[in-house]
Amino acid sequence: MFSKILIANRGEIAVRIIKTCRRMGIATVVVYSEADADSMAVEMADEAVFIGPAPASESYLVADKIVAACRETGAEAVHPGFGFLSENAGFARRLAEEGIVFIGPNPEAIAAMGDKIESKKAAGRAGVSTVPGHVGEISDAAHAVQISEEIGYPVMIKASAGGGGKGIRVAWTRKDVEEGFPAVQSEARSSFGDDRIFIEKFIESPRHIEIQVLGDKHGHVVHLFERECSIQRRNQKVIEEAPSPLLDAATRKAMGDQAIALAKAVGYDSAGTVEFVAGQDRSFFFLEMNTRLQVEHPVTELITGVDLVEQMIRSAAGEPLAFSQDDLKINGWAIESRIYAEDPYRGFLPSIGRLVRYHPPEECDGAHLRVRNDAGVREGDEISMFYDPMISKLSTWAPTRIAAIDAMGEALENFHIEGLGQNIPFLAAVMDQDRFRSGQLSTNYIKDEFPDGFQGTSATARQQDILIAAACAMHRVMSERAWPGRAREDWVVNAEGVDHPVTLKGEGGATMVELTGTGRILTLTEMDWRPGQPVFSAMLEGRRFTVQVRPAADGFVIRHRAVECRVRVLTPVSAVLYKRLPPKKAADTAKLVLSPMPGLVVTLDVAVGQEVKTGETVAIIEAMKMQNIIRAERDGVVKAVGAKQGDSVAADEVLVEFA
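Criteria and thresholds
Residues numbered from 1 in each chain as written. Predicted model: local features only at pLDDT ≥ 70, side-chain atom pairs only at ≥ 80, totals over all residues. Heavy atoms only, no water. Salt bridge = Lys/Arg side-chain N within 4 Å of Asp/Glu carboxyl O. Helix = DSSP H or I, 4+ residues; strand = E, 2+ residues; numbered from the N terminus. Buried < 20%, exposed > 50% of the residue type's maximum accessible area, 1.4 Å probe, protein only. Pairing = 2+ DSSP bridges. 1 Å grid on protein atoms, 1.4 Å probe; cavity = no way out; pocket = protein on both sides within 12 Å on 5 of 7 lines; lining within 4 Å. Points joined across faces, edges and corners; volume = space filled by probe spheres on them. Nonpolar A, V, L, I, M, F, W, Y, C, P; charged D, E, K, R; others polar. Phe/Tyr/Trp six-rings, centres within 6.5 Å; stacked < 30°, edge-to-face > 60°. Axes fitted to C-alpha atoms, helices over the stretch in contact; angles between N-to-C directions. Contact = heavy atoms within 4.5 Å.

Caption draft 1: Here's a closer look at the pattern of salt bridges. The tally for this structure, following the rule as stated, stands at 55 salt bridges. Across the pair E43 and R378 runs a salt bridge, and its minimum N-O distance is 2.7 Å. Residue E43 is located in helix α2 (residues 40-44), and its partner R378 is located in the loop between β21 (370-375) and β22 (382-383); the two are separated by 335 residues in the primary sequence. The exposure class of E43 is exposed, given its relative accessible area of 57%. Linking K579 and D499 is a salt bridge whose minimum nitrogen-to-oxygen distance equals 3.1 Å. One end of the pair, K579, is in helix α17 (residues 572-579); the other, D499, is in strand β26 (residues 498-507), and 80 residues separate them in sequence.

Caption draft 2: A look at the pairing of strand β31 (residues 555-560). Along β31, six of the six residues are buried, which leaves the element largely enclosed by surrounding structure. In the sheet, strand β30 (residues 543-552) pairs with β31 via five bridges, with the strands oriented antiparallel. Paired with V549 across the strands is I558, a residue of β31. Counting the residues in the hairpin turn of β30 and β31 gives two residues, including D554, whose phi is positive at 65°. Note that β31 and strand β32 (residues 563-570) share six bridges and pair antiparallel. Directly across from I558, in β32, lies its bridge partner C565. Adjacent in sequence and paired antiparallel, β31 and β32 are bridged by two residues, among which R561 carries a positive phi angle near 55°.

Caption draft 3: Highlighting the environment of E118. When you line up the elements, E118 lands in helix α6 (residues 116-125). For E118, a relative accessible area of 31% translates into the label partly exposed. Note: C-alpha distance between E118 and G136 (18 residues apart in sequence) is 8.9 Å.

Caption draft 4: Main features of the sheet that holds strand β2 (residues 27-33). Strand order across the open sheet formed by five strands is β3-β2-β1-β4-β5, with parallel pairing between neighbours. Taken across any chain shown, the strands that pair with only one partner, and hence form the sheet edges, are β3 (47-52) and β5 (101-102). Pairing of strand β4 (residues 77-79) with β5 involves two bridges; the strand directions are parallel. The residue of β5 that forms the bridge with A77 is V101.

Caption draft 5: Quick peek at the layout of surface pockets. Considering only enclosed or pocket space, the second largest pocket measures out at about 550 Å³ in volume. For the lining of the second largest pocket, the secondary structure elements donating two or more residues are α12 (401-413), α13 (424-432), α16 (461-482) and β30. Examining the composition of the lining of the second largest pocket, we find that four residues originate from one element, β30, more than from any other. Counted by class, the lining of the second largest pocket contains five nonpolar, eight polar and eight charged residues.

Caption draft 6: Local environment of the packing of aromatic side chains. This model, assessed by the stated rule, comprises 16 aromatic pairs. Here Y60 and F84 contribute two aromatic rings whose centre-to-centre distance is 4.9 Å and whose plane-to-plane angle is 15°, an arrangement assigned as stacked. Residue Y60 is found in the loop between β3 and α3 (63-73), and its partner F84 is found in the loop between β4 and α4 (89-97); the two are separated by 24 residues along the sequence. Here Y60 falls in the buried class, since its relative accessible area comes to 0%. The class for F84 is buried, based on a relative accessible area of 15%. Ring centres 5.8 Å apart and planes at 80° place the aromatic pair Y60 and Y387 in the edge-to-face group.

Caption draft 7: Spotlight on the pairing of strand β9 (residues 197-201). Of all five residues that make up β9, four are buried, and the element is covered over most of its length. Here strand β6 (residues 133-134) runs beside β9; their pairing, made up of two bridges, is antiparallel. When the bridges of β9 are listed, H134 appears paired with I199.

Caption draft 8: Representation of the sheet that holds β32. Strand order in the closed barrel formed by eight strands is β25-β26-β27-β28-β29-β30-β31-β32, with antiparallel pairing between adjacent strands. For this sheet the average axis-to-axis angle between neighbouring strands, irrespective of direction, equals 35°. Relative to strand β29 (residues 535-540), strand β28 (residues 520-528) runs antiparallel, the two sharing three bridges. Within β29, the residue paired with D528 across the bridge is S537. Relative to the sheet, α17 contacts β25 (490-495), β26 and β32, its axis offset from that of β32 by approximately 125°.

Spatial relationships are all this shows, so hold off on functional conclusions.
Take a look at the structure:
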């Protein structure tokens, strides 16, 4: 077994690998860029080696620097994590030449399966059904258009070396291909150092199901069942679960058998994932193989009890698998939510900044409930524009799917982040949706359920009670501090524009909120809050809840899951006066093109005096390895240009102003 391993990665996956190495008694080395000098991974590792500037192309993607770090520290093996050099056959060969073990599959397997074009050819030779498409290289946009029209729209344009949702576009028209092909090439070049592209038929309303495989260097391969990853936005997975609610035993076995056959055909000898696109009728087609550890591996670990990082290390060290296929069973259900630094209220665009507050839910590992949070950040850390926007991966396990979903909803409720946009409200909304809870999923889920974008959800009857009761309880605490023993009891709570006359009383540590004229009394007990605290927790009708709070004039802004509301606690006279205030008018931005996110201006080609039509590309902004095309929303003549190529811009910064 290895005595020291170098981790050629960053963030949460570096931390994840360190934890397993510690348990196995293996020393760790991490490499780090300028942006990660103060990272959690650097703090946790036994040794750390600086490898260059923040851009991955100058640090994490430079093989020479990784090899030099191994030489400097005496590391015997390299774990690449996911992304960066994890699926680079040339890197694996280079390590072998240097006498350093690559903790992953052999270079031949990576070349055959990690390359999306070669993997489809290999799958075809192995008799695995594949999605119709063009598996040869594509020279330019005109060639891409020709191929797309031969296949028939819609098509998917994909980077051959892609992964993690990067380097993918769905094209519905010729124009989409003409614009999307160069964008995918550029993303592929900057993210993977490989701009080869292929095109395949895009299957509408599919499900994304993947099989986890594990092999050793002695010819043994097993599968660890499936994960469903159908909840995606911009081809990036958001929520995963294991097992899949779609599959029956026969389909699970068929998919597992195909995955094993494919892995054996290329001599696969580590952890890997065979991805399938599946129809609602349980038909399935090979999509691609990821020759690395997957981001969503925790849900597989939770239902099987197998530490995949440990198994990768043992396989790389030459140990045979210690279990057979018959030894593996599905135990319970697991859900994973990816906590991203992005603003779901603005089309899930990246949100860069500092974690002013970062309080994840408490982890637990019980017989009937497990909560796990895989993270590489701490309070005060910065989410950089140079890397993936993931903050953490929150996973829950329970004996049944509904119990795991309910556990996830509660865990998200107890996850508090401030300082940047994050997608926790959106994830919580999905957990509460009947469609998700019924298991009727597809990769179109977000588009179907939120066609006009995500704007939060309306309060249920219980959530209305929570908003009113929490605001009253906090207001009572503050009133008692200001006027001990003299605080008034009659108030009007204004929530979502509706007045609720109430009477507040306290007794034995409880707060009673009587809703005037309804005969209802809301009783809060076991309250946990003090002025200035951003989270309020209590029991209401025997059920605990947690809300995020921040003070506002005459009340609070309160968020419970996906419901956010301005709640005012007013005297009866103040409530009457508020009704007389004129509504505030929003600023007119119709003539402005604003940057929807902080990022780097890749192109901004319009000039003062130029006529622009609706839908024309105005600029391309890159953030967190993704290029976003900004289009004009109206016809107009350019009056002013507020940025130029190469500039860093903030969210809502003016790019172009029309006359």
